[in-house]
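Architecture at a glance
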Amino acid sequence: MAYKGLLERYAHLLDLPAHTRAVTLHEGNTPLIPVPRLAEGMGGGFELYVKFEGLNPTGSFKDRGMTAAISEALGRGSKAVICASTGNTAASAAAYATRAGLRAVVLIPQGEVAAGKLAGVVAYGAEVIQVQGSFDEALSMVVQLSEKHPLALVNSLNPYRLEGQKTAAFEICDTLEAAPDMLCLPVGNAGNISAYWMGFKQYHQKQNTDLPKLLGVQAAGAAPLVAGHPIEQPETVATAIRIGKPARGEQALEAAQESGGRIIAASDEEILAMQGRLASEGIWVEPASAAGMAGLAKEIQAGNIDPKGQRIVAVCTGHGLKDPDIITQQMETPEVLPLDLGVLEKRIVG
Ligand SMILES: *Cc1c(COP(=O)(O)O)cnc(C)c1O
């Protein structure tokens, strides 16, 4: 039977109100890609997979939560939705809102959103407002606006976002026909790690699958959950996780702890190096998306994790096309040669 999106596939497992009216772009159903060479590079002896969430309709996992949040908002009679975003939430909200015929207003930190994300928001037709402040400050504004006005908040404070995002855990268990031993993923506002844990726990109860250890990874310059306090001026190349005051921070720490895992930080160098290693496997992800795998490599190297015999999944949250500048800024302009067979032969085959 043709795939028709997450709500059709998993709505029976999601805590959504009866008024919910499905708005879908057939999100989810993303591949779980084995990366044995990458596992070898980390010492080998274990199974390693990438859950490639960049293959969702707007290029990030945010579509999982957004199909649920927008479907609920539409069913409730909302006419407009609002969010603050480092880019991917905005693009996803814009796409699902326009699909539903709703107005979308997004607040982004001025000059801080990657080109591919901003382009998406504009292409889908949302109203974009740059604010002179950080993501955390923009989030505080949209929370206040949504409390005073009929604007549905679609940040991950919205519980339906997490309901939708649980489906990634379901898919991993369904594909592997078991839970993995460990799940590694980037942590920004901390909604995703919280949702995965809810999903794995639910499958544990319903399907008797095991519970994985969670390894949440923040960027070193934006690691409030590692530092134990908010970071006033978070700084990292991984813009999707440049967040100093995670809305779901407590929940994320609890999830990691309950799972027997933890939340660590990886440096920008480690994140970018892993972005390169993933790309050489044919999987191009935006910098933030490489953080989970970067943290895993770091923990194995430090001897904090012994992966032998384990089955590990790293979530790659968003597509590389979202942030082309990070690549093009570092690269040399490709060489130019005349359209001459001899010249080309000499250059290519010597
Ligand atoms: C939103 C996002 C994250 C962080 O997810 P949280 O739920 O905020 O922790 C990581 N990577 C990408 C690509 C994202 O868009």
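Preceding block: the structure.
What this report covers is the structure whose coordinates are included nearby.

**Quick notes on the pattern of salt bridges**
Enumeration over the complete set of coordinates arrives at 16 salt bridges. Residue Arg242 is joined to Glu235 by a salt bridge in which the shortest nitrogen-to-oxygen separation is 3.4 Å. Given a relative accessible area of 14%, Arg242 falls into the buried group. The shortest N-O distance in the salt bridge between Glu335 and Arg347 comes to 2.7 Å. One end of the pair, Glu335, is in the loop between helix H14 (325–328) and helix H15 (341–349); the other, Arg347, is in helix H15, and twelve residues separate them in sequence. For Glu335, a relative accessible area of 52% translates into the label exposed. In this structure, a network of salt bridges that share partners links the residues Lys51, Glu53, Arg64 and Glu171.

**Quick word on the sheet that holds strand E7 (residues 182–186)**
Pairing in this open sheet of six strands is mixed, and the strands run E1-E2-E10-E7-E8-E9 from one edge to the other. Either end of the sheet is taken by a strand with one partner, and the two such strands are strand E1 (32–34) and strand E9 (262–266). Neighbour-to-neighbour, the strand axes of the sheet open up by a mean angle of 25 degrees, direction not taken into account. As paired elements, E1 and strand E2 (residues 47–52) share three bridges and run antiparallel to each other.

**So, the pairing of strand E3 (residues 80–84)**
The two faces of the sheet receive side chains in turn, since in a regular strand these alternate between them. The buried fraction of E3 amounts to five of the five residues, a majority that puts the element mostly inside the structure. Judged by which residues are buried, E3 turns out to be covered on both faces: Ala80, Ile82 and Ala84 on one side and Val81 and Cys83 on the other are all buried. Bridging between E3 and strand E4 (residues 103–109) involves five bridges; their strand directions are parallel. Along E4, the bridge assignment pairs Val81 with Ala104. Crossover connection from E3 via helix H4 (residues 88–100) to parallel E4: handedness right-handed. For E3 and strand E6 (residues 152–153), the ladder comprises two bridges, and the chain directions are parallel. When the sheet's bridge partners are listed, Ile82 is paired in E6 with Leu153.

**Structural notes on the packing of helix H12 (residues 268–279) against helix H13 (residues 291–301)**
Across the interface, H12 lies against H13 with an axial gap of 8 Å and an inter-helix angle of 105 degrees. On the basis of their axis angle, the class for H12 and H13 is roughly perpendicular. Across the interface between the two elements, Glu270, Ile271, Met274, Arg277 and Leu278 from H12 touch Ala291, Met293, Ala294, Ala297 and Lys298 from H13. Here the contact of H12 with H13 is built from residues that sort into seven nonpolar, no polar and three charged.

**Section: the packing of helix H9 (residues 191–207) against helix H11 (residues 249–259)**
H11 packs onto H9 with a crossing angle of 45 degrees between their chain directions and a minimal axis gap of 8 Å. The angle between the axes of H9 and H11 places the two elements in the oblique class. Considering the relative orientation of H9 and H11, their crossing is left-handed. Every residue of H11 that contacts H9 at Ile193, Ser194, Trp197, Met198 and Lys201 is listed here: Gln251, Ala252, Ala255, Glu258 and Ser259. Its residues placed into classes, the contact of H9 with H11 shows five nonpolar, three polar and two charged.

**What about the site of the ligand?**
Taken together, 17 residues sit near the ligand, with Lys62, Asn88, Gly188, Asn189 and Thr317 positioned nearest. Separating an oxygen atom of the ligand from a backbone N or O atom of Gly191 is a distance of 3.2 Å. One of the side-chain N or O atoms of Thr317 is found 2.7 Å from a nitrogen atom in the ligand. Protein contacts shield 97% of the accessible area of the ligand, which totals 380 Å² for the unbound molecule. By residue class, the composition of the shell around the ligand is seven nonpolar, eight polar and two charged.

What counts and how
- Residues numbered from 1 in each chain as written.
- Predicted model: local features only at pLDDT ≥ 70, side-chain atom pairs only at ≥ 80, totals over all residues.
- Heavy atoms only, no water.
- Salt bridge = Lys/Arg side-chain N within 4 Å of Asp/Glu carboxyl O.
- Buried < 20%, exposed > 50% of the residue type's maximum accessible area, 1.4 Å probe, protein only.
- Helix = DSSP H or I, 4+ residues; strand = E, 2+ residues; numbered from the N terminus.
- Pairing = 2+ DSSP bridges.
- Axes fitted to C-alpha atoms, helices over the stretch in contact; angles between N-to-C directions.
- Right-handed = clockwise from strand over helix to strand, strands pointing away.
- Parallel < 35°, antiparallel > 145°, perpendicular 65-115°, else oblique.
- Contact = heavy atoms within 4.5 Å.
- Nonpolar A, V, L, I, M, F, W, Y, C, P; charged D, E, K, R; others polar.
- Left-handed = near helix turned anticlockwise from the far one by under 90°.
- Near = heavy atom within 4 Å.
- Polar contact = N/O pair within 3.5 Å; in protein donor to acceptor, adjacent residues only side chain to side chain.
- Areas by Shrake-Rupley, 256 points an atom, 1.4 Å probe, with all protein chains shown as cover.

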